[in-house]
Amino acid sequence: MNKAEHIFDALLVLQYQAGNKNAMNLLVKRWHHRLCRQAFWYTKDMDTAKDIVQDSWGTAMNKLYLLRDPNSFGSWIRTVVNRKSLDWIKKNSRENTRKKEHIYLQEENSSDKEDPEEDVTLLILKAIKELPAHQQLILNLFYVESHSMKEISKILNVSVGTVKSRLFHAREKLKLILKKHKR
């Protein structure tokens, strides 16, 4: 996200805090799809992800008045979605989550792919799915969502050093998994 988008979000937050309800509608339009993708990384189910994000917007509407730094809206709302997604995981059994991941992988495998580059991408996606959830999340935030380490530390509520460490360990484990698949 570029600086102009951060500024625009901050202005919308200030407008909402000043009582302009339409500002929240604009924030939803700007962020909803990204937040659904983030929640999907946890749940592997788009309907559940949408429910989590909808619940997160309810929280945002009630607590956005408490946000002191409007420039941090992006990391703040991602943190809300992150925590609600983790709560969902805690409520659902691990077996249920594994079944959804298996179905998701089967759907990916069933599509017709003849491009070798797509095969490599599929192999990497499968390898990422073998990582623990916290390592999948860190890779997603860094590589897919293009967040800086500082932004990730705010989203996950951990230090930048912890983000660096988790990213390093996720990369190393991913290398091992890919080597295993290569054989």
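Before reading further, recall that the structure is shown in the block above.
Described below are features of the structure shown in this document. Keep in mind it's a predicted model, so treat the numbers as computed, not measured.

1. Examining the overall build of the protein chain
Here is step 1 of the chain: Scanning the protein chain for helices and strands turns up 9 helices and 0 strands.
Here is step 2 of the chain: When the helices and strands of the protein chain are read in sequence order from the N terminus, they spell out α-α-α-α-α-α-α-α-α.
Here is step 3 of the chain: Of all 183 residues assigned to the protein chain, the portion counted as buried reaches 37%.
Here is step 4 of the chain: Intrachain contacts of the protein chain at a sequence separation of at least 6 include 62% that bridge at least 24 residues.
Here is step 5 of the chain: Roughly 11,100 Å² of accessible area belongs to the protein chain as shown, and the carbon and sulfur atoms make up 53% of that amount.

2. Side note on the nonpolar core
Here is step 1 of the chain: Formed by 24 residues in total, the largest nonpolar core has its most connected members in Leu27, Trp57, Leu64, Phe73, Trp76 and Ile77.
Here is step 2 of the chain: Only α1 (3-17), α2 (22-43), α3 (46-63) and α4 (73-91) provide two or more residues apiece to this core.
Here is step 3 of the chain: It is α2 that provides the largest number of residues to this core, a total of 8 residues.
Here is step 4 of the chain: Not counting the four nearest positions on each side in its chain, Trp57 is found in contact with Met24, Leu27, Val28, Trp31, His32, Leu35, Phe73 and Ile77.
Here is step 5 of the chain: With 17 residues, the next largest nonpolar core counts Trp41, Leu131, Leu139 and Ala170 among its residues.

3. Comments concerning unusual backbone geometry
Here is step 1 of the chain: Residues other than glycine seldom take positive phi values, yet Lys44 does so here, at roughly 60°.
Here is step 2 of the chain: Even without being a glycine, Asn157 presents a positive backbone phi close to 60°.
Here is step 3 of the chain: The topology assignment puts Asn157 in the loop between α8 (149-156) and α9 (160-182).
Here is step 4 of the chain: For Asn157, a relative accessible area of 55% gives the class exposed.

4. Some words on helix α7 (residues 133-144)
Here is step 1 of the chain: Taken together, the buried positions of α7 are Gln135, Gln136, Leu137, Ile138, Leu139, Asn140 and Leu141.
Here is step 2 of the chain: Phi for Ser146, located one or two positions after α7, is positive at around 60°.

5. Structural notes on the packing of α7 against α8
Here is step 1 of the chain: Contact pair α7 / α8: the axes reach a minimum separation of 10 Å and the direction vectors enclose 135°. In terms of their interaxial angle, α7 and α8 are classed as oblique. Here the hand of the crossing between α7 and α8 comes out right-handed. Between α7, through Leu137, Ile138, Leu141 and Phe142, and α8, the contact on the second element is made entirely by Met149, Ile152, Ile155 and Leu156.

6. A few points about α8
Here is step 1 of the chain: Buried within α8 we find Ile152, Ser153, Ile155 and Leu156. An end-on view of α8 places all buried positions within 160° of arc, on one side of the element.
Here is step 2 of the chain: Where α8 is buried, its residues contact α4, α7 and α9.
Here is step 3 of the chain: Phi for Asn157, located one or two positions after α8, is positive at around 60°.

Procedures and definitions
Residues numbered from 1 in each chain as written. Predicted model: local features only at pLDDT ≥ 70, side-chain atom pairs only at ≥ 80, totals over all residues. Heavy atoms only, no water. Helix = DSSP H or I, 4+ residues; strand = E, 2+ residues; numbered from the N terminus. Buried < 20%, exposed > 50% of the residue type's maximum accessible area, 1.4 Å probe, protein only. Contact = heavy atoms within 4.5 Å. Areas by Shrake-Rupley, 256 points an atom, 1.4 Å probe, with all protein chains shown as cover. Core = buried A, V, L, I, M, F, W, Y, C linked by side-chain atoms within 4.5 Å. Axes fitted to C-alpha atoms, helices over the stretch in contact; angles between N-to-C directions. Parallel < 35°, antiparallel > 145°, perpendicular 65-115°, else oblique. Left-handed = near helix turned anticlockwise from the far one by under 90°. Arc of directions from axis to C-beta.

The quantities given are spatial measurements derived from coordinates; they are silent on function.
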